[in-house]
Amino acid sequence: MYMNSRRDFLQKLGASAIMMQLSSMTASGQSNEPVQQPYKGRVLRVAIMGLGGYGTRVAEAMQACSKVKLVGLISGTPSKIKEWQAKYDIPESNCYNYDNFDQVKSNPNIDAVYVITPNELHHSQVIRVAKAGKHAICEKPMALNAKEGQEMIDACNKANVKLLVGYRMHFEPRTLEVIRMRNAGEFGKIRFFQGQCGFKAGDPTQWRLNKALAGGGALMDIGIYAINGARYMVGEEPNWVTAQETKTDPVKFKEDVDETIQFQLGFPGGAVASCLSSYNINHLDRFFLSGDKGFAEMQPSTGYGPIKGRTHNGEIIQPIVTHQTIQMEQMSGIILDGNRPVVAVDGEEGLKDLKIIEAIYRAVKTGQKVFLKA
Ligand code: NDP
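Residues numbered from 1 in each chain as written. Predicted model: local features only at pLDDT ≥ 70, side-chain atom pairs only at ≥ 80, totals over all residues. Heavy atoms only, no water.

1. Description of the confidence of the model for the chain
Turning to step 1, where the next piece is worked out: A residue-level look at the chain finds 90% of positions with pLDDT of 70 or above and a mean pLDDT of 93.
Turning to step 2, where the next piece is worked out: The low-confidence segment residues 1-17 (pLDDT under 50) makes 29 contacts with residues lying over four places distant or belonging to another chain. (pLDDT = per-residue confidence, 0-100. Contact = heavy atoms within 4.5 Å.)

As structure tokens, then:
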């Protein structure tokens, strides 16, 4: 029922019209003016690299976009290419594999490549995309560590292309409403954030449980939402980290593949965050922000939605959107028009999370408080 009404809503309006509606929403969620103009501007032509679970979701969501079009495919699986070509009407000349995708350089019909492969591959693939002169959108975590992240940023700067990270929550209307309220001082001085992110990881053979491909365990994959969320909810960068790990299944979660980590972040303004990242706890998708004058509570807070939230003022009312549709629509504006999002989604933003991830792993290993450079 919900899926149908959401799809109908998207199809009726077109995503750019939704964005225009979002910008004309009042705090109470009422639209002042109905805006339904067809989009006539430039369209970002995107190739997806990695036709897996999330790539499939992004491709479907992009169908409702007006400022973005899926025009190319990069995959190691020829049968998927055939299937996707038929489904999305993609010409043979825009299809590549992992060996030959550097040739995208001479393809004038592709503007950007969205890298949606296992974490370990992001670094080399984004650098190759940059060298081919195309904008890169990269899934989270942007890389396995901060050194790699910095190299990706440098490669994109050198090639004069944009690097964006797939932080879909940065465009989600209820999340943005909490950020707006915080910026307006409606919560007063922020004192505390709690971020709980996790699920039970299934198949023990999946790449997410392979240190080489994933770079770690739950923290790289799902705990990163609590890290990123702490930063955008508190609105500051943490300056210290403490962390503790719990492992109940060392067979499934091998060395350096974290099952559950509890971590704490301290912020310059005095706020603290208490977070939980787990591959062994279901229904863990909750944010809580507390300030001197009010609070926000979101559950679900980072899942595909609908995101639900309430504050000291009552339920947060905002349109329900498909995260990936809004993300891609907004990313088109960032890449083509130089728009600035409310919460950054660039390489520097991805790098900040990687530095905190490294600090958390170091805190787990040493048992010490780890200080982060400003
Ligand atoms: P999947 O395993 O479902 O898909 C990954 C795809 O990458 C594969 O289908 C394959 O596509 C390609 N691939 C290339 N090399 C390998 C390899 N060595 N092993 C496995 N796959 C390979 O993963 P997801 O789609 O769930 O995740 C991909 C990325 O997206 C990750 O970085 C993840 O963190 C991120 N993600 C982000 C989400 C978000 O909400 N922002 C949600 C889910 C994932 P092909 O056959 O076409 O080559």
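Moving on from the model shown.
2. Points about the packing of aromatic side chains
Turning to step 1, where the next piece is worked out: In the structure shown here, the tally under the stated rule is seven aromatic pairs.
Turning to step 2, where the next piece is worked out: Seen in terms of ring centroids, F193 and F287 are 5.0 Å apart; in terms of plane orientation they differ by 70°. Their pairing is edge-to-face. Here F287 lies in strand 11 (residues 280-291) and F193 lies in strand 7 (residues 190-200), a separation of 94 residues in the sequence.
Turning to step 3, where the next piece is worked out: Here F193 falls in the buried class, since its relative accessible area comes to 0%.
Turning to step 4, where the next piece is worked out: A relative accessible area of 1% means that F287 is categorised as buried.
Turning to step 5, where the next piece is worked out: Summarising the aromatic geometry, the rings of F253 and Y279 are spaced 6.4 Å apart at their centres and angled 25° between planes, so their arrangement reads as stacked. (Phe/Tyr/Trp six-rings, centres within 6.5 Å; stacked < 30°, edge-to-face > 60°. Helix = DSSP H or I, 4+ residues; strand = E, 2+ residues; numbered from the N terminus. Buried < 20%, exposed > 50% of the residue type's maximum accessible area, 1.4 Å probe, protein only.)

3. Here's the deal with the sheet that holds strand 15 (residues 370-371)
Turning to step 1, where the next piece is worked out: The mixed open sheet is built from nine strands, whose spatial order is 14-13-12-11-7-10-9-8-15. Looking at which strands have only one partner, the edges of the open sheet turn out to be strand 14 (314-315) and strand 15.
Turning to step 2, where the next piece is worked out: Sheet analysis places strand 7 next to strand 11, joined by nine bridges and oriented antiparallel. Bridging across to strand 11, Q194 finds its partner in F288.
Turning to step 3, where the next piece is worked out: The strands that helix 7 (residues 173-183) touches are strand 7, strand 11, strand 12 (295-298), strand 13 (309-311) and strand 14; relative to strand 12, the one it contacts most, it runs at about 170°.
Turning to step 4, where the next piece is worked out: Helix 9 (residues 218-234) contacts strand 7, strand 9 (260-266), strand 10 (272-278), strand 11 and strand 12 of the sheet and is inclined by roughly 160° relative to strand 7. (Pairing = 2+ DSSP bridges. Axes fitted to C-alpha atoms, helices over the stretch in contact; angles between N-to-C directions.)

4. Regarding the site of the ligand
Turning to step 1, where the next piece is worked out: Taken together, the neighbourhood of the ligand is formed by 25 residues, with S75, T77, K80, Y98 and R168 sitting nearest.
Turning to step 2, where the next piece is worked out: Y225 places a side-chain nitrogen or oxygen 3.0 Å from an oxygen atom of the ligand.
Turning to step 3, where the next piece is worked out: Those elements giving two or more residues to the shell around the ligand turn out to be helix 3 (53-62), helix 5 (119-131) and helix 9.
Turning to step 4, where the next piece is worked out: Considering every element that reaches the shell around the ligand, the biggest residue donor is helix 5, with three residues.
Turning to step 5, where the next piece is worked out: Among the residues forming the shell around the ligand, the class breakdown is nine nonpolar, 10 polar and six charged.
Turning to step 6, where the next piece is worked out: In this structure, the shell around the ligand is formed jointly by two domains, domain 1 (7-22 + 39-168) and domain 2 (169-318 + 344-371), each of which donates at least three residues. (Near = heavy atom within 4 Å. Polar contact = N/O pair within 3.5 Å; in protein donor to acceptor, adjacent residues only side chain to side chain. Nonpolar A, V, L, I, M, F, W, Y, C, P; charged D, E, K, R; others polar. Domains from an automatic or database assignment.)

5. Comments concerning the environment of L276
Turning to step 1, where the next piece is worked out: The topology assignment puts L276 in strand 10.
Turning to step 2, where the next piece is worked out: With a relative accessible area of 18%, L276 lands in the buried category.
Turning to step 3, where the next piece is worked out: Considering only alpha carbons, one finds L276 and E315, 39 residues apart in sequence, at a separation of 25 Å.
Turning to step 4, where the next piece is worked out: Apart from the residues within four sequence positions on either side, L276 is in contact with G195, Q196, C197, T260, I261, Q262, I281 and L284.

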